[in-house]
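Architecture at a glance
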Amino acid sequence: MLSASLNLFQDEPHQPFLWRGGRPAALFVHGFPGTPAEIRPLAQAFHEAGWTARGILLPGFGPQIETLPQRRYTEWVDAVREALSALQQEHHPAIVAGFSMGGAVSLLAAAQQPPDALILLAPYWQTALPGLPGGAALQRMLWPLFRPLLRKARPFKQIDFTDPRVRQGVMDFAPGLDLDDPQVQAAIRDFSVPINLFDQLQAVGQAAYQAARHVACPTLIIQGRRDEVVKAALTRRLARRLPALAGYLEVDSTHELLKPDGSAWDAVCSAALEFAQKAAAG
C-alpha cells in the first residue's frame, strides 16, 4: 500500500479544514489524486478577504487512498452537496470552487444543488489515460477494446527521479519523502491503479459535460494556456455549454494554477476574488 508504506497524507495540510470568517462562504474542492493541500492557497486568500472557507477531503483520497478503487464518483458529488448544504444553512452567498477533477464534481453538484456562484479552475471533463495510445478523444472510442486487456496501470513505472521538475512535483504532493532512497523509489514505481478507477474518472467527466447545460448559477472558468493535463481547447468546449457563464480567463500557466509561486497566481487569485465579491454584493 503506497500511502501506508510511505506514510503519506498525515500532515495537516492534507486534512479538511473550516476557517470561520464572515457571512460569505466558499467551498473548495480538490482534484485527482489530490487533497485539500492543493486548494489551501486560494482558500487562504479568500479567508484573508473575510470569507468563511471550507475545504473538503473527497471520499477515498488522502489517508483513505487505499479505498479509492472501490469508490464511485457519485460519492464525491454527494460529499460536495452535503458540505454545500451545511454552508448554505449559515452563510450567504455560498459559492463552490473546484479544481481539475474537483471541477467536474463541482459541476455535477451545482446542477443538483445550485450554489450562488461557481468557480471552475482547469476543470477536467476529458483527458488522456496513461499507457494507452492516442489522445483523449481517440482513447474514448478505443477504451472498450483496451479495457478487457488491462487490470492495473502503473502510472509512475517510468518516473525519472533525476528530473528536477519530477522531484518538485512529488515533493509538493508528499513533502518529506527521501527521493534518493531506493526503497521509496521502488514503492512509487510499483504503485498500481486498478483500471476500474479510470472508469470512474471517465464517467465523472462525461457526466459533468452533460450536466453543464443545467448549471444555472453564474460561473467563472480559469484555465492555463499551457496546461497539458486539462487542455484549453477542451475547456473552451465546456465553457460554451454553460448557460450562465460569467467569465472565462486563460492565463499563462500549466496545470499548476494554484501555486502561489507560479507566474499566474496573482491573476488567478485576483480574478477568483473579484468574481466572488461580485456574487457577495449581488
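Attention in this report is confined to the structure presented alongside it. (Residues numbered from 1 in each chain as written. Predicted model: local features only at pLDDT ≥ 70, side-chain atom pairs only at ≥ 80, totals over all residues. Heavy atoms only, no water.)

What to know about the overall build of the protein
Within the protein, the regular secondary structure consists of 10 helices and 9 strands. Burial statistics for the protein: of 282 residues in total, 50% are counted as buried. Look at the contacts in the protein between residues 6 or more apart in sequence, and 72% of them connect residues 24 or more apart. Here the protein has roughly 13,000 Å² of accessible surface; of this, 53% comes from carbon and sulfur atoms. (Helix = DSSP H or I, 4+ residues; strand = E, 2+ residues; numbered from the N terminus. Buried < 20%, exposed > 50% of the residue type's maximum accessible area, 1.4 Å probe, protein only. Contact = heavy atoms within 4.5 Å. Areas by Shrake-Rupley, 256 points an atom, 1.4 Å probe, with all protein chains shown as cover.)

A closer look at the packing of aromatic side chains
Evaluated as defined, the whole model comprises 6 aromatic pairs. Ring plane angle 75° and centroid distance 5.5 Å describe the contact between F46 and W51, whose orientation is recorded as edge-to-face. Across this residue pair, the class does not change: F46 and W51 are buried. Put simply, the rings of F28, F46 and W51 pair up and form one aromatic cluster. Against the face of Y209 rests R241, its NZ or CZ located 4.1 Å from the ring centre. (Phe/Tyr/Trp six-rings, centres within 6.5 Å; stacked < 30°, edge-to-face > 60°. Lys NZ or Arg CZ within 6 Å of the ring centre and 35° of its normal.)

Side note on the pairing of strand β9 (residues 245-251)
Here strand β8 (residues 219-224) pairs with β9 via 6 bridges, running parallel. Bridge pairing links Q223 to E250 in β9. After leaving β8, the chain enters helix α9 (residues 232-239) and then returns to the sheet as β9, a path that is right-handed. (Pairing = 2+ DSSP bridges. Right-handed = clockwise from strand over helix to strand, strands pointing away.)

What to know about the pattern of salt bridges
Applying the stated rule across the entire model yields 10 salt bridges. With a closest N to O distance of 3.2 Å, E90 and R20 form a salt bridge. Of this pair, E90 sits in the loop between α3 (73-88) and β4 (94-99) while R20 sits in the loop between β1 (17-19) and β2 (25-29), and the two are 70 residues apart along the sequence. Residue classification places E90 among the exposed residues on the basis of a relative accessible area of 51%. Under the relative-accessibility criterion, R20 is labelled exposed at 51%. In this structure, the salt-bridge partner of E274 is K278, at a minimum N-O distance of 3.8 Å. Placement of both E274 and K278 in helix α10 (residues 265-281) is noted, with a separation of 4 residues, approximately one turn of the helix. Judged by its relative accessible area of 57%, K278 falls in the exposed class. When salt bridges that share partners are traced, they join R225, R236 and E250 into one network. (Salt bridge = Lys/Arg side-chain N within 4 Å of Asp/Glu carboxyl O.)

Some thoughts on α10
Its 17 residues place the ends of α10 24 Å apart at the C-alpha level, agreeing with the 24 Å of an ideal helix rising 1.5 Å per residue. All buried positions along α10 are accounted for by W265, V268, C269, A271, A272, L273, F275 and A276. Where α10 is buried, its residues contact α2 (40-48), β4, β5 (117-121), β8 and β9. (Expected span 1.5 Å × (residues − 1).)

Overview of the environment of L121
Within the secondary structure layout, L121 lies in strand β5. In this structure, the C-alpha to C-alpha distance between L121 and A272, residues 151 residues apart in sequence, is 9.4 Å. The residues touching L121, leaving out its near neighbours within four places in the chain, are L42, A97, G98, F99, S100, I222, L257, L258 and V268.

Re the environment of Q44
Relative to the helices and strands, Q44 resides in helix α2. According to the relative accessible area criterion, Q44 is partly exposed, its value standing at 31%. Separated by 10 residues in the primary sequence, Q44 and R54 have C-alpha atoms spaced 9.9 Å apart.

Quick word on unusual backbone geometry
Most peptide bonds adopt trans geometry, and most residues besides glycine take a negative phi value. Look at the link from F32 to P33: it is a cis peptide, with omega at -5°. Mapped onto the secondary structure, P33 falls in the loop between β2 and α2. Each neighbour pair has its own omega, and for H92 with P93 the value is -5°, a cis peptide bond. Summarising the element assignment, P93 is placed in the loop between α3 and β4. A positive phi angle, near 55°, is found at S100, a position not held by glycine. Take S100: it is sitting in the loop between β4 and α4 (101-112). Not every positive phi belongs to a glycine, and A122 is a case in point at roughly 45°. Looking at the secondary structure, you find A122 in the loop between β5 and α5 (136-146). Classification of A122 by relative accessible area gives buried; the value is 0%.

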